[in-house]
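As a plain string of letters, each chain reads:
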Amino acid sequence: MIGQKNRFHGHNSLSYVYSKGRTLRGSGFAVKYANNPRRKTYRCAVVVSKKVSKSAVTRNRIRRRVYEIVRDVEDQLVGSPDIVVTVYAENIATIGFEELKKSFLQVMLQSEMLGKREGA
RNA sequence: UUAGGUUAUUGGCCGACUACCGUCUCGAUUACGAGAGGGAGGAAAGUCCGGGCAACAUACGGAAGGACAGUUGUUAACGACAACCAAAGGUAACUUUAGGGAAAGUGCCACAGAGACUAUACCGCCUGUUUUUGCAGGUAAGGGUGAAAAGAGCGAGGUAAGAGCUCGCAUUCUUUAUCGGUGACGAUAAUAGAAGGGUAAACCCUGUCCGUUGCAAGGAGAUGUGCAUUUAGAGUAUCCGGCUUAGUGCAUCGAUUAACCGCUUGAUCGUUGGAGCAAUUCAACGACUAGAUAGAUGGUCGGCAGUCACUACUGACUACAGAACCCGGCUUACAGAUAGCCUAGCAAC
RNA sequence: GGCCCCGUCGUCUAGCGGUUCAGGAUAUCUGGUUCUCAUCCAGAAGAUCGCGGGUUCGAAUCCCGCCGGGGUCA
């Protein structure tokens, strides 16, 4: 789980990302992101529709797994981006953690939000 | 031992690393850091009932509308629960039941059938007439139709043929009386009676209960000015009466979905004892047990346990399901594991 | 979180508890008309009335419980 300051708050706070952000697709999910220079910290949200799974338990599990991956790489983020992950497939709740992490990081590297140069 | 019935409990455990949300303490001072301790359910679900709590300037009367319906109890309350009664099902343990009224009134009972509601004579039986066909009448015992056809079995009498038409015995229902029970009701007896059904989850009648809106409730708007002003307007779902008193447009300020309170000590939970067949209740002692807000309660790894597959190694899987103001029920989902009591069959003693 | 509505052929819809295991339009299929296609004409097939119980002699219809879909309230 990620901290209180790294979540979205308020009524229309997501609309900027939805209107201005760029979209990249992975298997079973899509990442929408936009750089936000007015903030010091990044923000992240995971959207899991009720169409993905009827069960609230499954939806919670998907959300928590994706948040965990984001928290793992938060030190390597460049700037202070706003990230929205939209999930389409139910099998994200069941596939192996390493496999999910690998496919997610591949998308993140493509978006140039992850700066390996800074770490190195 | 096999097949059931019923009432309950439980529904993974241990460790390591690393996150999140409250609370308390300490240090800093509005950023934050350290430590301690807490963090989903039996259904948190469906939202089908009931209540608390809050607002509505009144929860005032009537109409309309809605819900319920054996009896006695339990409860804050209920459409829930318990015990009992009746009916139906089951060999039995036991289970199920919207279980008031059809003699207040109205409606409906298709098709088939002669006739379906103050009904009816198709076949049959009998009498008369007659050309033996047929026609007129009697009959409700027998046949046939249908979900349903006028309480009714056996024997005797009776008759043109028949029929509770009459009698005897047996049965069902109504009425009355006595006894038992708080009561629904049950048992016994008597003489009086025998009246044709079904449907009220059709309209309806009787009795009891219900004000409306919901935590997105509510704490929570202020001032100035124009218009309107008791025959009118506004206010709490429909109408009437009554009641209260202002209303509405514009401008300015505040607020603009943020934050705080409401928010978790409660018809609370556990143990022991008393009352009661039970639901439940009383007393004493002890406990504090989530409070988020795009929504915390997690993620990964290792070991154990269980289930399935397999000769084995080993592999796969781990029930249903996620608090949103709080309680009491109901309904629905649920891999398995455990315990008590009871019934029937078989076997042995 | 609260409140409300709707499920009938592939699609859009009618449907008094019984006259008929449900009518119509459109789509589909077959045949006819035409040199051919369309239009037009004739015919056919296609529905466990969302699911499970109950009331009734009888249920798409009445009652109850589930399932699915949709709407609304700051």
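Everything here concerns the structure above.
Here we summarise the structure given alongside this text.

Procedures and definitions
Residues numbered from 1 in each chain as written. Chains lettered and ligands numbered in written order. Predicted model: local features only at pLDDT ≥ 70, side-chain atom pairs only at ≥ 80, totals over all residues. Heavy atoms only, no water. Core = buried A, V, L, I, M, F, W, Y, C linked by side-chain atoms within 4.5 Å. Buried < 20%, exposed > 50% of the residue type's maximum accessible area, 1.4 Å probe, protein only. Helix = DSSP H or I, 4+ residues; strand = E, 2+ residues; numbered from the N terminus. Near = heavy atom within 4 Å. Polar contact = N/O pair within 3.5 Å; in protein donor to acceptor, adjacent residues only side chain to side chain. Nonpolar A, V, L, I, M, F, W, Y, C, P; charged D, E, K, R; others polar. Axes fitted to C-alpha atoms, helices over the stretch in contact; angles between N-to-C directions. Parallel < 35°, antiparallel > 145°, perpendicular 65-115°, else oblique. Left-handed = near helix turned anticlockwise from the far one by under 90°. Contact = heavy atoms within 4.5 Å. Pairing = 2+ DSSP bridges. Salt bridge = Lys/Arg side-chain N within 4 Å of Asp/Glu carboxyl O.

Focus on the nonpolar core
- Within the largest apolar cluster, 25 residues are counted, with the highest numbers of intra-cluster contacts made by Phe-29, Cys-44, Val-46, Ile-62, Val-85 and Phe-104.
- For this core, the secondary structure elements donating two or more residues are strand S2 (29-35), strand S3 (43-48), helix H2 (56-72), strand S4 (81-87) and helix H3 (97-110).
- It is H2 that contributes the most residues to this core, 5 residues altogether.

Some remarks on the protein's contact with RNA strand B
- Surveying the vicinity of RNA strand B reveals 19 residues, the closest of which are Met-1, Gln-4, Arg-7, Arg-63 and Arg-64.
- Per the 4 Å cut-off to the protein, sugar and phosphate atoms form 84% of the nearby atoms of RNA strand B.
- In the environment of RNA strand B, a sugar or linking oxygen lies 3.5 Å from a nitrogen or oxygen atom belonging to the side chain of Arg-7.
- Here a base nitrogen of RNA strand B and a side-chain polar atom of Asn-60 are 3.4 Å apart.
- Among the elements that line the surface near RNA strand B, the one with the most residues is H2, at 10 residues.
- Tallied by class, the residues present in the surface near RNA strand B amount to 7 nonpolar, 5 polar and 7 charged.

Thoughts on the packing of H2 against H3
- At a minimum axis separation of 11 Å, H2 and H3 run at an interaxial angle of 60°. Between H2 and H3, the angle is such that the two are oblique. Regarding H2 and H3, the two cross each other, and that crossing is right-handed. Here Arg-65, Glu-68, Ile-69, Val-70 and Asp-72 of H2 come into contact with H3, specifically with Phe-97, Leu-100, Lys-101 and Phe-104.
- Of the residues contributing to the contact of H2 with H3, the split by class is 5 nonpolar, no polar and 4 charged.

A closer look at the pairing of S4
- When you tally the buried positions in S4, you get 7 out of 7 residues, the bulk of the element.
- Both faces of S4 are covered, namely the face carrying Pro-81, Ile-83, Val-85 and Val-87 and the face carrying Asp-82, Val-84 and Thr-86.
- Two strands pair when backbone bridges link them, and S2 and S4 are joined in this way by 7 bridges, in the antiparallel orientation. Residue pairing for S4: Ala-30 is matched across the bridge by Thr-86.
- Of the strand pairs in this sheet, S3 and S4 are connected by 6 bridges, and their pairing is parallel. Residue Val-46 lies in a different strand from S4, and its bridge partner there is Val-85.

Observations concerning the pattern of salt bridges
- Applying the stated rule across the entire model yields 3 salt bridges.
- Asp-82 serves as the salt-bridge partner of Arg-43, at 3.2 Å between the closest nitrogen and oxygen. Pair noted here: Arg-43 is in strand S3 and Asp-82 is in strand S4, with a separation of 39 residues, a long-range link. In terms of burial, Arg-43 and Asp-82 fall into one category: buried.

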